[in-house]
Amino acid sequence: MPEEQGQQSTAADATQTLDAVVIGAGFGGMYALHSLRESGLSVRAYDAAGGVGGTWWWNRYPGARVDFPGGPFYCYTFSEELVQEWDWSETQPDQASVLAYLNYVADKFDLRRDIHLETRVTSAHYDQAAQRWAIETSAGEKINAQFLICALGTLSQTNMPDIAGFESFAGECYHTGHWPQEKVEFAGKRVGVIGTGSSGIQAIPVIAEEAAHLTVFQRTPQFTIPAGNRPLDPAFVSEARKNWATVRDQMMKSPLGAPYPAPKLSSRDHSAEQRRELYEKLWRKGGLSILFDSYSDILTNEEANAELAEFMRAKIRDLVDDPAVLEKLLPDYQVGTKRQVLDKGYYATYNRDNVTLVDLREDAIETITPTGIRTVAGEEHALDILIFATGYDAITGAFVGLNPRGRGGISLKDKWAERFSTYLGMTIPEFPNLFMIHGPESPSVLFNMPLGAELQSDWIRDCIHYLREQGQGVIEPTAAAEEAWGQEVAEIAGQTMFSADIDSWYSGANIPGKHRQFTVYLGGPNFYRRLDEVAEKNYEGFVLEKVY
Ligand code: NAP
């Protein structure tokens, strides 16, 4: 039987009792709420944002759009009715379309009645005696829940670099991941953007069109590929809808969770001329295909990777007019080891008269001033608006930020001080009945995230019901299972170019002081087979405990 919603434990402390609290109301949290609630549990979700949508609520910066093989595949798959009735119009929907979709989902499945917005979970402690989570919110609520589901987002804890003089800036200042609700007016303004990752590269061409002047402060040049966004072909959509069960099945079997099979050929199966032809074709098509649908060994074979990188640098040379600017834009890392960026007209933006590129590797920022940015060489860049496109403390940052306390009061921050360790990327020893969606050591950012959130949420739901059927109340992974899982994650990554040493947020390299660890389980579909195996073996690797 579900705990009664909002039931008061005692009148004095006004603690509310629920089966589960979900933190986050993005793709992951919304579906977790739906899945658990439909299964008969009393559940409530909390989100600090003013609306549902998670990352799509916060990231309203100009140019924001999906860069995964998008509509109709970057969406929920659990409801065939939803798939049939929601019309995506582009292959890579923009932020407003994704947010509209998530609002539609919230209404269709009546999620809002159990979502508390503008409410941050301020603390979560495991009460060992009660075998329940004691949760407090910024609205002063106290909740006692058997299960805590953390759908905090992998890219939600923004990274604001510590640059001298920041407080003195007199103009407008924004972070792409915390963009205001109102439209920011760039017309007639001198705008500065720090950062050239996915967010900066999406925003820069759009801002350049409107601003009087745009100055881009670039630390590391990135490989970016034309996004190839286009209107969706109605015949394609209708075919996908007709065969939805097959399409979903293909998504669950493909490496990234999109309904495209993994490439069968290795780069060695083709001659240099054949490879060039294929790269040309995929470059013209745009999107992530050149990296993921060309050859199976792009991310495992250094030679193949170097050849593709050189092909991409040749494309950049064709696109940028000024040789000095071009030189600054040429990337020199192994393509794909930083999160691959897609763009619309990014390189051509540097041919505009109103755009300046500052290479921070040649001349670093010395200080932010009231009127702009001064570099070490003494260059003054006058700015009315300063935009930080400086990314996130990714994958682990939001969990450490929440810092739940487990058995004996151990904090997650302390537990993870030297290593981010989990079992299945979803559970943590000493943190009983806590589940993460898209946690470290899960496929998270390297698999279709809405689909992954569904699969993980359903696994959590089934686990909870298994527990109850067994007359048990607490589940916690063993330290041995945690250790073995860490080895499995590292072994799979070890077969690729991904490692703790890559200069990427994948490995924590972007956050000063963060320890480096590659925290993504590669090979998405295999992860979901592993979850099934664990369940089939009566939750192997876990210890169950009766409620006292
Ligand atoms: P990011 O990829 O981490 O890029 C941050 C940028 O800021 C980098 O160019 C970085 O330079 C620079 N930077 C950081 N600290 C700096 C400092 N102190 N001084 C100067 N430059 C600094 O962040 P992001 O662009 O927000 O993207 C994060 C992830 O979000 C993406 O990789 C992607 O997964 C996701 N995203 C997705 C979409 C989409 O699907 N459409 C759109 C946007 C973002 P270095 O490279 O030198 O560190």
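Report follows, based on the coordinates. Please read these numbers as outputs of a predicted model, since none were measured by experiment. (Residues numbered from 1 in each chain as written. Predicted model: local features only at pLDDT ≥ 70, side-chain atom pairs only at ≥ 80, totals over all residues. Heavy atoms only, no water.)

For the protein chain, the count of helices and strands is 17 helices and 20 strands. A globule of 548 residues ought to have a C-alpha radius of gyration of about 24 Å, and the protein chain, at 24 Å, matches this closely. Counting all 548 residues of the protein chain, 58% fall into the buried class. For the protein chain, the share of sequence-separated contacts (at least 6 apart) that also reach a separation of at least 24 residues comes to 70%. (Helix = DSSP H or I, 4+ residues; strand = E, 2+ residues; numbered from the N terminus. Rg over C-alpha atoms; globule rule 2.2 N^0.38 Å. Buried < 20%, exposed > 50% of the residue type's maximum accessible area, 1.4 Å probe, protein only. Contact = heavy atoms within 4.5 Å.)

In the structure shown here, the tally under the stated rule is 40 salt bridges. Put simply, Glu280 and Arg284 hold a salt bridge, and the shortest N to O gap is 3.9 Å. Remark: Arg284 and Glu280 occur in helix α8 (residues 272-285); sequence separation between them is four residues, near one turn of the helix. Accessibility expressed as a relative area gives 61% for Arg284, which makes it exposed. (Salt bridge = Lys/Arg side-chain N within 4 Å of Asp/Glu carboxyl O.)

What follows concerns the site of the ligand. Around the ligand, 24 residues are found, and the nearest of them are Arg65, Asp67, Thr196, Ser199 and Thr220. Contact distances for the ligand include 2.7 Å between an oxygen atom and a side-chain N or O atom of Asp67. Calculation on the ligand without its partners gives an accessible area of 900 Å², and the protein chains cover 88% of this total. Here the element with the most residues in the shell around the ligand is helix α5 (residues 198-210); it accounts for three residues. (Near = heavy atom within 4 Å. Polar contact = N/O pair within 3.5 Å; in protein donor to acceptor, adjacent residues only side chain to side chain. Areas by Shrake-Rupley, 256 points an atom, 1.4 Å probe, with all protein chains shown as cover.)

Moving on to unusual backbone geometry. For Glu118, which is not glycine, the phi torsion reads 50 degrees and is therefore positive. Residue position: Glu118 is located in the loop between β4 (115-116) and β5 (121-127). A relative accessible area of 61% means that Glu118 is categorised as exposed. Positive phi, normally seen in glycine, also occurs at His438, with a value near 60 degrees. Tracing the chain through its elements places His438 in the loop between β18 (434-436) and α15 (449-469).

Backbone-to-backbone hydrogen bonds join strands into a sheet, with any given pair of strands oriented parallel or antiparallel. Here we have three strands laid out as an open sheet, ordered β14-β15-β16, and antiparallel in their pairing. Either end of the sheet is taken by a strand with one partner, and the two such strands are β14 (365-369) and β16 (380-382). With direction set aside, neighbouring strand axes in the sheet form an average angle of 20 degrees. The pairing of β14 with strand β15 (residues 372-375) spans four bridges and is antiparallel. What sits directly across from Thr367, in β15, is Arg374. (Pairing = 2+ DSSP bridges. Axes fitted to C-alpha atoms, helices over the stretch in contact; angles between N-to-C directions.)

Here we come to the side chain of Ser457. Tracing the sequence through the fold places Ser457 in helix α15. A residue is classified by how much of its surface remains accessible, and Ser457, at 3% relative accessible area, is buried. If near-sequence neighbours (up to four positions away) are discounted, Ser457 is found in contact with Gly28, Tyr31, Ala32, Ser35 and Ile437.

Tyr101 and Trp459 are the most contacted members of the largest nonpolar core, which has 103 residues in total. No other element matches α15, which puts nine residues into this core. Beyond its immediate stretch of four places on either side in the chain, Tyr101 contacts Phe27, Cys75, Tyr76, Leu82, Trp86 and Trp88. (Core = buried A, V, L, I, M, F, W, Y, C linked by side-chain atoms within 4.5 Å.)

Moving on, we come to the packing of aromatic side chains. According to the stated counting rule, one finds 43 aromatic pairs in the structure shown. Ring centres of Trp86 and Tyr101 lie 5.4 Å apart, and the angle between their planes is 65 degrees; on these two criteria the pair is classed as edge-to-face. In this pair, Trp86 sits in the loop between α3 (80-85) and α4 (95-108) while Tyr101 sits in helix α4, placing the two residues 15 residues apart along the sequence. A single burial state applies to Trp86 and to Tyr101, both of which are buried. Seen in terms of ring centroids, Trp88 and Tyr101 are 4.8 Å apart; in terms of plane orientation they differ by 45 degrees. Their pairing is tilted. In this pair, Trp88 is assigned in the loop between α3 and α4 and Tyr101 in helix α4, connecting sequence segments 13 residues apart. Chaining the aromatic ring pairs together yields one cluster made of Phe27, Tyr31, Trp56, Phe68, Tyr74, Tyr76, Phe78, Trp86, Trp88, Tyr101, Tyr104 and Phe109. A cation sits over an aromatic face here: Arg60 above Trp57, 4.9 Å from the ring centre. Taking the ring centre of Phe109 as reference, the NZ or CZ of Lys108 above it sits at 5.7 Å. (Phe/Tyr/Trp six-rings, centres within 6.5 Å; stacked < 30°, edge-to-face > 60°. Lys NZ or Arg CZ within 6 Å of the ring centre and 35° of its normal.)

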